[in-house]
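# Overview (structure and organization)
One letter stands for each residue in the lines below.
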Amino acid sequence: MEQRRSFIKELLQSKEVDRDVNAKGWVRTKRGNKQVAFVALNDGSTIHNIQVVIDVAKFDENLIKNITTGASLNVHGTLVRSLAQGQSVEIQANKIEIYGVADPEKYPLQKKRHSLEYLREIAHLRFRTNTFGAVFRIRHAMAFAIHKYFNDKKFYYLHTPIVTGSDAEGAGEMFKVSTLDLENIPKTEKGEINYTEDFFGKETNLTVSGQLEAELGATALSNVYTFGPTFRAENSNTPRHLAEFWMIEPEMAFYDIHDNMDLAEDMLKYLIQYALDNCMDDLKFLENRLIEEEKNKPQNEKSDMTLLEKLEFILKDDFVRLTYTEAIDVLKNSKPAKKGKFQFPVEWGIDLQSEHERYLVEKHFKKPVILVDYPKDIKAFYMKQNDDGKTVRAMDILFPGIGEIIGGSQREEVYEKLAARISEMGIPERDMWWYLETRMYGTVPHSGFGLGFERLILFVTGMSNIRDVIPFPRTPKNAEF
RNA sequence: UCCUCAGUAGCUCAGUUGGUUAGAGCACCUGACUGUUAAUCAGGGGGUCGUAGGUUCAAGUCCUACCUGGGGAGCCA
């Protein structure tokens, strides 16, 4: 009877040798001589390859010739203890079938290391590299852990709409959704676009946040979270921004800002612990990769911690919590401020710049920082207004190297205050009637936050460009694949 | 969008004050080698120097515009 296919991960861990096995996967390298060939085979189940040993005399010459880097194989053989160092077990091949060859003169991936920029241009094949295999296995583990975390905490996963009719979030430029003929757009008598003829009969956009809808769910289900794609049509060209990214947005009834911060910190620590418990092989590979990369860097650019040390470090202590006002004081009394080193001067009321956030997180506190109680003028309309009349119950969590990883707030639950803020900020009330009604009927104090999924993955993997932690990045002028 | 650096072989890069036939490592192909680990050793093929224009007797090298990519900034997650 035909042996059933095993994942390479299981074979490598197997203590049971001298048995028939079947492995399927893609060739990473082939080495050898006239008598014996060694093929490193990978099937994505683990970063490690299994070594397939081929007694050349037993196989067709053409078959051996066609086993090149990138080719896909079906290997039947005996799992045996390895005679050489480097691996504990290997497959002594009895039968090999080539599913698909990979012309070695054209195959874009080599056994040697490629730059991440080059691999980005061949995103359809970059999964086949060690680095991206590790990154996307970790990405999966983090997505799974998020659902597990919230499920264990009795949160409900709520699917908020991708297409939205309101443009009130103010979270950035939106992508328009329309079936109107762009060559012949229907106009009203006033000469404006006639959206009543459009698919939804009104102007619609891709979502920039599921928060407002999640709030609606929380006012009945208590604790909900969303986890879905989010779209921002900003012309952002940085290693931290995408036009299409994934966001986790929990929303909790009866949570104040402190409960909110507790949850956010607990969740981040849970996720990092989950990665350490479940992705050690991949993390170790990425750590070594970073160490290799840093060898070529000047001393002052080298990080003082390895990837694993960085992850452990986050778990060790409580995050630092302080108010925006306290943070401004820290910054004003800082060395760079006194020496005039900040490009943007520090003054109460400003939005903190990257350089300020970096100073707080990387120089002053040297650990994650949660800032609360921001000036209301630099924050969104829905945030809970403090009694001082100047600040709102907003919180941002800042991570070393990443910057803002979470942004959230307690929400304004008092109808009059919320309505006043909406009109103050010039948001059309007709778009917000449903949101306001939750404050009219059985309103409750509630809170929530948004976690940028890719920014979490950046931190956990130690990668430095957000385009390398999402399979198919969408950025200005780039929607290939 | 702004600032800045870069674009030379399949990949990573070198190429002097402008000067004759543009180089290296790796990859690939051929050969050698009875257990390799980024295998090793010998040989071979491979280039519209990002694109378009300009300066010059002469441009990979200088100038202009555009395209693409990296880093920084803004917007944010």
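Keep in mind the model is a prediction, meaning the values are calculated, not measured. Every chain is numbered independently, its residues counted from 1 as its sequence is written. Chains and ligands are labelled sequentially in the order written, the chains with letters from A and the ligands with numbers from 1. Given that the model is predicted, a residue must reach a pLDDT of at least 70 before its local features are reported, and side-chain atom pairs must reach 80 or more before they are shown or counted; all residues, however, enter totals for whole chains, interfaces and linings. With hydrogens and water set aside, each side-chain value is computed from the structure's full complement of heavy atoms.

## Comments concerning the overall build of chain A
Counting from the N terminus, the helices are the DSSP runs of H or I reaching at least four residues and the strands are the DSSP runs of E reaching at least two. The helix and strand tally for chain A stands at 14 helices and 16 strands. Projecting the C-alpha coordinates of chain A onto the three principal axes gives extents of approximately 85 × 60 × 45 Å. Remark: exposure states derive from per-residue accessible area (1.4 Å probe, protein chains only) relative to the maximum for the residue type, with buried under 20%, exposed over 50%, and partly exposed in between. When burial is assessed residue by residue, chain A has 49% of its 481 residues classed as buried. For chain A, contacts bridging at least 24 residues in sequence account for 68% of all contacts bridging at least 6. Computed by Shrake-Rupley with a 1.4 Å probe, the accessible areas treat only the displayed protein chains as cover when residues are assessed. Total accessible area on chain A stands at roughly 24800 Å², and carbon and sulfur atoms take up 49% of it. With 64 positive and 73 negative side-chain charges, chain A shows a separation of 7 Å between the mean positions of the two kinds. We call two residues in contact whenever any of their non-hydrogen atoms come within 4.5 Å of each other. Lys and Arg are tallied as positive, Asp and Glu as negative. Neither His nor the chain termini are counted. Note that the charge is assigned to NZ on lysines, CZ on arginines, CG on aspartates and CD on glutamates.

## Remarks on the protein's contact with RNA strand B
The environment of RNA strand B is formed by 49 residues, the closest being Q85, R120, T238, H241 and R455. Counting only the atoms of RNA strand B within 4 Å of the protein, the fraction contributed by sugar and phosphate is 52%. Polar contacts here mean pairs of N or O atoms no more than 3.5 Å apart (in protein, one a potential hydrogen donor and the other a potential acceptor; neighbouring residues in sequence count only if both atoms are side-chain atoms). One nitrogen or oxygen atom from the side chain of E90 is found 2.6 Å from a base nitrogen belonging to RNA strand B. One of the side-chain N or O atoms of R120 is found 2.3 Å from a phosphate oxygen in RNA strand B. Those elements that provide at least two residues to the surface near RNA strand B are β1 (19-32), β5 (89-100), α3 (116-121), β11 (244-253), β15 (403-411) and β16 (446-452). Being near a molecule or strand, for a residue, means having at least one of its heavy atoms within 4 Å of it.

## Observations concerning the packing of helix α4 (residues 130-152) against helix α7 (residues 280-295)
Only the contacting stretch of a helix is used when fitting its axis, a line to C-alpha atoms as for every element, and angles between N-to-C directions run 0 to 180 degrees. Taken N-terminus to C-terminus, the directions of α4 and α7 make an angle of 135°; their axes are 9 Å apart at the nearest point. Put simply, α4 runs oblique to α7. Considering only the axes of α4 and α7, their crossing is left-handed. Between α4 and α7, the residues in contact are N130, T131, A134, V135, R137 and I138 and D282, L283, F285, L286 and R289, respectively. Looking at the contact of α4 with α7 residue by residue, the class counts come to 6 nonpolar, 2 polar and 3 charged. With respect to orientation, any angle under 35 degrees is reported as roughly parallel, any angle over 145 as roughly antiparallel, any angle of 65 to 115 as roughly perpendicular, and every other angle as oblique. Throughout, a crossing is termed right-handed when the near helix is turned clockwise from the far one, and left-handed when it is turned anticlockwise from it by less than a right angle. Here the nonpolar group is Ala, Val, Leu, Ile, Met, Phe, Trp, Tyr, Cys and Pro; Asp, Glu, Lys and Arg are the charged ones; every other residue, Gly included, is treated as polar.

## Focus on the pairing of strand β2 (residues 36-42)
The buried fraction of β2 amounts to 5 of the 7 residues, a majority that puts the element mostly inside the structure. Only when DSSP finds a minimum of two bridges between them are two strands counted as paired. Relative to β2, β1 runs antiparallel, the two being bridged by 6 bridges. Counted as the bridge partner of T29 is A40 from β2. Between β1 and the antiparallel strand that follows it, β2, lie 3 residues.

## Overview of unusual backbone geometry
Leaving glycine out, the prevailing phi sign among residues is negative, and the prevailing peptide bond configuration is trans. Positive phi outside glycine occurs at S222, with the angle close to 75°. Topologically, S222 is positioned in the loop between α5 (211-221) and β10 (223-231). A positive phi angle, near 60°, is found at D373, a position not held by glycine. For D373, the location among the structural elements is in strand β13 (residues 369-375). With relative accessibility at 22%, the residue D373 sits in the partly exposed group.

## As for the nonpolar core
Residues M142, L283, F399, I406 and L456 are the most contacted members of the largest nonpolar core, which totals 67 residues. These domain boundaries are the output of an automatic or database domain assignment. Residues lining this core come from more than one domain, with at least three contributed by each of domain 1 (8-107) and domain 2 (128-173 + 208-468). When sequence neighbours within four positions are dropped, the list of residues in contact with L283 reads I138, A275, L276, L307, L308, L311 and V460. In terms of nonpolar packing, the next biggest core, distinct from the first, is built from 31 residues, I328, F381, L398 and A419 among them. Side-chain atoms within 4.5 Å are what join buried Ala, Val, Leu, Ile, Met, Phe, Trp, Tyr and Cys residues into a set we call a nonpolar core.

## Examining the pattern of salt bridges
A pairing counts as a salt bridge when a side-chain nitrogen of Lys or Arg comes within 4 Å of a carboxyl oxygen of Asp or Glu. Tallied over the full model, the rule gives 23 salt bridges. Taking the shortest distance from any N to any O, the salt bridge between D377 and R421 comes out at 3.9 Å. Note that D377 is positioned in the loop between β13 and β14 (391-399) and R421 in helix α12 (residues 415-424), a separation of 44 residues in sequence. Under the relative-accessibility criterion, D377 is labelled exposed at 64%. When its relative accessible area of 6% is taken as the criterion, R421 is described as buried. One connected set of salt bridges, linked through shared partners, spans D262, E265, K269, D318 and R321.

Note that every value here comes from positions in space, so none of it alone points to a role or purpose.
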